[in-house]
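Listed here are the chains, written in short residue letters.
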Amino acid sequence: MEILFVASEVAPWSKTGGLGDVAAALPRALAARGHAVSVVTPRYGSIDPHAHGLHPLHRALDVRGEPTTLWVSRDRAPVYFVEHEHFFGSRRGLYGEAHDYADNAERFAYLARAALALPAALGLRPHVVHLNDWQAGLVPFLLRHEHARDAALAGARTVFTIHNLAYQGVFSKHVVPALGLPWDVFRYEAMEFHDQLNFMKAGLVFADALTTVSPTYAREITTPDGGVGLDALLRHRARDLHGILNGIDVAEWDPATDRHLPARYSAADLTGKASCKAALQRELGLPERPEIPLVAMVGRLADQKGIDLLVAALAELLGRELQLALLGSGRREWEEVFQRAARERPERMAARIGFDEGLAHRMEAGADLFLMPSRFEPCGLNQMYSLRYGTVPVVRAVGGLDDTVEDYDGLNRGTGFKFRDYHPQAMLLAVRRALETYRDARAFRALRLRGMAQDFSWDRSAQAYESLYRSLAGP
Ligand code: ADP
Ligand code: GLC
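Conventions and cut-offs
- Residues numbered from 1 in each chain as written.
- Chains lettered and ligands numbered in written order.
- Predicted model: local features only at pLDDT ≥ 70, side-chain atom pairs only at ≥ 80, totals over all residues.
- Heavy atoms only, no water.
- Helix = DSSP H or I, 4+ residues; strand = E, 2+ residues; numbered from the N terminus.
- Buried < 20%, exposed > 50% of the residue type's maximum accessible area, 1.4 Å probe, protein only.
- Near = heavy atom within 4 Å.
- Polar contact = N/O pair within 3.5 Å; in protein donor to acceptor, adjacent residues only side chain to side chain.
- Areas by Shrake-Rupley, 256 points an atom, 1.4 Å probe, with all protein chains shown as cover.
- Nonpolar A, V, L, I, M, F, W, Y, C, P; charged D, E, K, R; others polar.
- Domains from an automatic or database assignment.
- Pairing = 2+ DSSP bridges.
- Contact = heavy atoms within 4.5 Å.
- Axes fitted to C-alpha atoms, helices over the stretch in contact; angles between N-to-C directions.
- Expected span 1.5 Å × (residues − 1).
- Buried area = accessible area lost by both parts, 1.4 Å probe.
- Parallel < 35°, antiparallel > 145°, perpendicular 65-115°, else oblique.
- Salt bridge = Lys/Arg side-chain N within 4 Å of Asp/Glu carboxyl O.
- Core = buried A, V, L, I, M, F, W, Y, C linked by side-chain atoms within 4.5 Å.
- pLDDT = per-residue confidence, 0-100.

Our focus in this paragraph is unusual backbone geometry. Cis rather than trans, the peptide bond between A11 and P12 has omega equal to 5°. Inspection of the secondary structure assignment puts P12 in the loop between β1 (2-6) and α1 (18-32). Residues other than glycine seldom take positive phi values, yet R64 does so here, at roughly 50°. One non-glycine residue, V228, adopts positive backbone phi at about 45°. Counting through the fold element by element, V228 comes out in the loop between α7 (215-220) and α8 (231-236). Overall, V228 belongs to the partly exposed group, its relative accessible area being 41%.

This is how it looks when you write it as structure tokens:
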């Protein structure tokens, strides 16, 4: 099948979170199954075409009478980078710097229209146009409204994937005419949301099929608790909503070959993991002690990630015999809490504020335990990276975390530690169980190995998308 995949971030060129990883890996996995997949994304200012090996395409794209150029990365699934100096090229951030850019509605409406102009310009005939998150939310409507007579898109069906319902792309209704949308879309049954324009809702209303990134999250978002105001709509479309678990890029995240690590290892021989731990302790300025459990956390310091639980439990946690290593950035006050704790307890805690791909890999490899106390988690990738790296996850049983981690039963089953209540004591209890198990070297080693034996490669998920595409495209 021919598939056009639209995403606002694609690793390694642009990434603020898991979407970038998925938009890189899923198209490749589909291409490996024999499909012709093209990916469309912006050429942000942070992407230097020359340094990143992109080639200019000399065929102009006509976006509502405005010509633009494209860059391409000739991958197994080619990635097309849309050029727009004002909207993308001149911006250092993807969605903002400190604050969201004021013209994000215009920027991503532009991406939507550029993506739809691509098939005619390049001679593609996609059977399926696959959209990701609110940034691509206008595509299904624009496809029907502005491309009804476009032969390149005739019969194309749309799939819209929710990676995170908490970010919906909600804008003042004044943008409706500025975006060239008819006022007709500003209805409750279409894109209107509490008197504002909602890009995510646009995707959910107009796409032929909806997916999200884990089965449990697919259920959670149809409830008032998890639906972020869109649960009624999602219940209405429940028959078209599928939960398909993300995979991970098992080549990029492989402790046996990982170029970011000081030593490599596998389930057959874990000695390299001990070297990674020692090196990580040195890198972070923690005492180099092999016997002390090292707990890691990597991620956006956002409400979603349960950071308030960690903050509430921090003093008690640091009173235990453990080391805590944190890598992340986000809410300023939390960054400061962790930096202060690291200054006050340098033998117990290290905090690195910022985004550091290499360090994220070294933390996955060097740690013993990996903490993800998320308030909600559509899928989550880090717990799967952890399992693959023999680092035992301690997670809250929500969304994809619940689907990918099996609670340790104290004997010979399970891959991690789970807690349910969103409460610091519940988290601390799970950490305590993990620390007790850590002291039993044999049991802990068996736990690590069970995690390492799990298969989270993309192929299974790619098959699920493939069946969905086929069911839409008809015979
Ligand atoms: P989300 O998309 O909600 O942020 P995921 O777990 O799906 O959560 O994906 C997060 C991705 O971003 C992972 O690949 C993780 O390693 C990476 N990541 C998050 N924060 C950082 C950081 N500060 N430095 C390096 N990588 C990070
Ligand atoms: C979102 C979610 C995360 C998920 C990722 C990729 O950013 O927060 O849970 O893993 O998208 O689908």
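Right, picking up where we left off after that structure.
Now for the site of ligand 1. Taken together, the neighbourhood of ligand 1 is formed by 21 residues, with G18, D21, R300, K305 and G354 sitting nearest. Within the contact set of ligand 1, a nitrogen atom lies 2.7 Å away from a backbone nitrogen or oxygen of G354. About the coverage of ligand 1: the protein hides 93% of its 550 Å² of free accessible area. Within the residue set of the shell around ligand 1, elements represented by two or more residues are α1, β15 (294-301), β16 (323-330), α12 (357-366) and α13 (382-388). Broken down by element, the residue count for the shell around ligand 1 peaks at three residues, all from β15. By residue class, the composition of the shell around ligand 1 is six nonpolar, eight polar and seven charged. Both of domain 1 (2-247 + 458-473) and domain 2 (271-452) provide at least three residues apiece to the shell around ligand 1.

An order of β10-β12-β11 is seen for the three strands of this open sheet, with the pairing classed as antiparallel. With one partner strand each, in any of the chains shown, β10 (170-172) and β11 (192-193) form the two edges of the open sheet. Packed onto the sheet, helix α6 (residues 199-206) meets β10, β11 and β12 (196-198) and runs at close to 55° relative to β12.

A rise of 1.5 Å per residue sets the reference length of α1, with its 15 residues, at 21 Å; its end C-alpha atoms lie 21 Å apart and thus fit the reference within 8%. Where burial is concerned, most of α1 is hidden: twelve out of the 15 residues are buried. Every buried residue belonging to α1 is among L19, G20, D21, V22, A23, A24, A25, L26, P27, A29, L30 and A31, and all of these are buried. In this fold, the buried residues of α1 make contact with β1, β2 (36-42), β8 (128-132), α13 and α17 (458-473). Where α1 terminates, the next one or two residues include G34, which has phi positive at roughly 100°.

Right, let's talk about the domain arrangement of the protein for a bit. The domains assigned to the protein are domain 1 (2-247 + 458-473) and domain 2 (271-452). Relative to domain 2, the C-alpha centre of domain 1 lies at a distance of 32 Å. Taken together, the contact pairs 17 residues of domain 1 with 17 residues of domain 2. Taken together, the two surfaces of domain 1 and domain 2 that pack against each other cover about 1200 Å², and 58% of this comes from carbon and sulfur. It is K15, T216 and L245 in domain 1 that bury the most area against domain 2; as a group they hold 27% of the surface buried on that side.

As a further point, take the packing of helix α15 (residues 424-439) against helix α16 (residues 441-452). Relative orientation of the contacting elements α15 and α16 amounts to 110°, with a least axis distance of 5 Å. With respect to α16, the element α15 is oriented roughly perpendicular. Residue-level inspection shows A434, T437, Y438 and R439 of α15 in contact with α16, the latter providing A441, A443, F444, L447 and R448. For the contact of α15 with α16, the per-class residue count stands at six nonpolar, one polar and two charged.

The next point concerns the site of ligand 2. The environment of ligand 2 is formed by 14 residues, the closest being H163, N246, Q304, E377 and G380. The contact in question runs from an oxygen atom of ligand 2 to an N or O atom on the side chain of N164, over 3.3 Å. One of the backbone nitrogen or oxygen atoms of C379 is found 3.0 Å away from an oxygen atom of ligand 2. Among the elements that line the shell around ligand 2, the one with the most residues is α1, at three residues. Classifying every residue of the shell around ligand 2 by side-chain character gives six nonpolar, six polar and two charged. A domain-level breakdown of the shell around ligand 2 finds at least three residues from each of domain 1 (2-247 + 458-473) and domain 2 (271-452).

Read across the sheet, six strands follow the order β17-β16-β15-β18-β19-β20 without closing on themselves; strand pairing throughout is parallel. On the outer flanks of this sheet lie β17 (349-353) and β20 (417-419), each paired with one strand and no other. Neighbour to neighbour, the strand axes of the sheet diverge by 15° on average, direction disregarded. Taken together, the eight bridges between β15 and β16 define a ladder with parallel strand orientation. Among the inter-strand pairings, L294 is bridged to a residue of β16, identified as Q323. Against the sheet, helix α11 (residues 332-344) touches β15, β16 and β17, its axis set at about 145° to β17.

For the rest of this paragraph, the subject is the pattern of salt bridges. Any two side chains of opposite charge can pair, on the condition that their charged atoms come close. Inspection of the entire model under this criterion finds 34 salt bridges. A salt bridge links R33 to E466; the nearest nitrogen and oxygen atoms lie 2.6 Å apart. On the criterion of sequence distance, the pair formed by R33 in the loop between α1 and β2 and E466 in helix α17 is long-range, its members being 433 residues apart. Across the salt bridge formed by R348 and E321, the nearest N and O atoms sit 3.3 Å from each other. Placement of R348 in the loop between α11 and β17 and of E321 in the loop between α10 (307-318) and β16 is noted, with a sequence separation of 27 residues between them.

Attention shifts here to the nonpolar core. Grouped together as the largest cluster of nonpolar side chains are 101 residues, with contacts concentrated most on L138, L181, M191 and L204. Per-element accounting of this core gives the leading share, 13 residues, to helix α3 (residues 104-122). Residues within four places of M191 in sequence aside, it is in contact with L138, F141, L181, V185, Q196, L197, N198, K201, A202 and F206. Among the nonpolar cores identified, the runner-up in size contains 37 residues, and L322, A341, M427 and L447 belong to it.

Moving on to the confidence of the model for the protein. Per-residue pLDDT for the protein averages 97, and the proportion of residues at 70 or more is 100%. Ranking the elements of the protein by mean pLDDT puts strand β3 (residues 55-63) last, at 88, and strand β19 (residues 392-396) first, at 99.

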